[in-house]
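Chain by chain, the residues:
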Amino acid sequence: MREVGIVGLGLIGGSVGMALRRLPRRVRVSGVCRSEDDARAAERLGAADSASSHLESLRDCDLILLATPIAEFRGAFETVGRLLPPSVLISDVASVKLPIIDLARRQLPSPGRFLGGHPMAGRTETGIAHSDPEMFSGTPWVFTPLPGQDLMPFQWWIDMVTSLGAKPVVMSAAEHDRQAAYVSHLAFTLSSAYAALARQQAGERIAGSGYRSMTRLAGGDPVMYADIATANRGNLLLAIDSFTQTLAGYRQAIAASGDLVELFSEARHAAD
């Protein structure tokens, strides 16, 4: 039996714990929460077989999954490296990878025991109460190894992620952060900007499904979004600049009464 420890049983950590515990082959899930009250709640909701507020409780785990906010990774790596045996593997679910890998290199005695990961799944709601064991079904789960890193010690974990219904994708941390800026981080940035503008200029009295679709991401956790935008600032700025140029092209076509059917058809095909 494998034992997986999850540090941070929020939306993603809780969903992973629930999904692992539903696998046909038995996996023991141990969790670490901010408080003992949170730990008891995680147990009641089925996110862990056992949970506590003490990281030392994960000493016997085969792998530790860090599911804390990005701002807490420095302390998490330092504590894990100091308290847990070097045989314990480590992965994570953070939305940005290069800064996390840099911290792992500096904070862990053996950086090769860490494999960066990012399930491309989530919701605007936060907290374990919104966790869903089906969240990863059909979604990419990106792994970002160090250059030349041996993935064999992590193969059982990659196989387990596949058993959750996710689709493992391996790429460099730099390429992950570049692509994530376009497919994820730009999305919530635009949603926030659009929501602010639309509410200022029009309010919500006549808003329909299009408005709700566009503003859905703006309802997410602003602290989490700020952490991600800060950690991936360079790539996100490039994505914003690229989008600004693309939008300017749309404006020019609309102003010139160009072939708007073709313009919007191209976008429709890209979205399919």
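Quick notes on the rules
- Residues numbered from 1 in each chain as written.
- Predicted model: local features only at pLDDT ≥ 70, side-chain atom pairs only at ≥ 80, totals over all residues.
- Heavy atoms only, no water.
- Disulfide = S-S within 2.5 Å.
- Buried < 20%, exposed > 50% of the residue type's maximum accessible area, 1.4 Å probe, protein only.
- Helix = DSSP H or I, 4+ residues; strand = E, 2+ residues; numbered from the N terminus.
- Arc of directions from axis to C-beta.
- Contact = heavy atoms within 4.5 Å.
- Pairing = 2+ DSSP bridges.
- Right-handed = clockwise from strand over helix to strand, strands pointing away.
- Polar contact = N/O pair within 3.5 Å; in protein donor to acceptor, adjacent residues only side chain to side chain.
- Phe/Tyr/Trp six-rings, centres within 6.5 Å; stacked < 30°, edge-to-face > 60°.
- Lys NZ or Arg CZ within 6 Å of the ring centre and 35° of its normal.

Student: I'd like a rundown of the state of the cysteines, residues and numbers included.
Tutor: The full count for this structure, using the stated rule, is zero disulfides. Not part of a disulfide, Cys33 finds its nearest cysteine sulfur in Cys61, a span of 13 Å. On the basis of relative accessible area, Cys33 is assigned to the buried category, the value being 11%.

Student: Describe in detail helix 2 (residues 36–45), supporting the description with residues and values.
Tutor: Buried residues of helix 2: Ala39, Ala41 and Ala42, and no others. For helix 2, the angular spread of the buried residues around the axis is 160°, confining them to a single face. For helix 2, exposure combined with an orientation more than 90 degrees from the buried face picks out Asp37 and Arg44. Of the surrounding secondary structure, the elements contacted by the buried residues of helix 2 are strand 3 (50–52). Where helix 2 terminates, the next one or two residues include Gly46, which has phi positive at roughly 85°.

Student: Give me the pairing of strand 2 (residues 27–32): which residues, what numbers.
Tutor: Here strand 2 lies mainly inside the structure; five of its six residues are buried. With six bridges connecting them, strand 1 (residues 2–7) and strand 2 associate as parallel partners. Residue pairing for strand 2: Glu3 is matched across the bridge by Arg28. Following the chain from strand 1 across helix 1 (residues 11–21) to the adjacent parallel strand 2, one finds a crossover that is right-handed. Across three bridges, the pairing between strand 2 and strand 3 is parallel. Residue pairing in the sheet places Gly31 in a bridge with Ala51 of strand 3. In this fold, the crossover linking strand 2 to strand 3 by way of helix 2 has right-handed handedness.

Student: Quick one: what's the story with the side chain of Ser15, residue by residue and with numbers?
Tutor: Positionally, Ser15 belongs in helix 1. Within polar-contact distance, the side chain of Ser15 engages the backbone oxygen of Leu11 at 2.7 Å. Residues contacting Ser15, with those up to four places away along its chain left out, are Gly10, Ser131, Asp132, Pro133, Met135 and Phe136.

Student: Break down the packing of aromatic side chains for me, citing the residues and quoting the values.
Tutor: How two aromatic rings sit relative to each other is set out by the distance from centre to centre and by the angle between their planes. Overall, the coordinates contain nine aromatic pairs when judged by the stated rule. With centroids separated by 6.2 Å and ring planes inclined at 70°, the aromatic side chains of Trp156 and Trp157 adopt a geometry described as edge-to-face. Accessibility classification places Trp156 together with Trp157 in one group, the buried group. Between Phe188 and Tyr225, the ring centres sit 4.0 Å apart and the planes meet at 5°, which makes this aromatic pair stacked. Remark: Tyr225 occurs in helix 8 (residues 222–231) and Phe188 occurs in helix 6 (residues 173–201); sequence separation between them is 37 residues. Side by side, Phe188 and Tyr225 carry an identical accessibility label, which is buried. Through pairs of rings, three or more aromatic residues link up here, namely Phe136, Trp141, Phe143, Trp156 and Trp157. It is Arg2 that lies over the ring of Trp156; its NZ or CZ is 4.3 Å from the centre.

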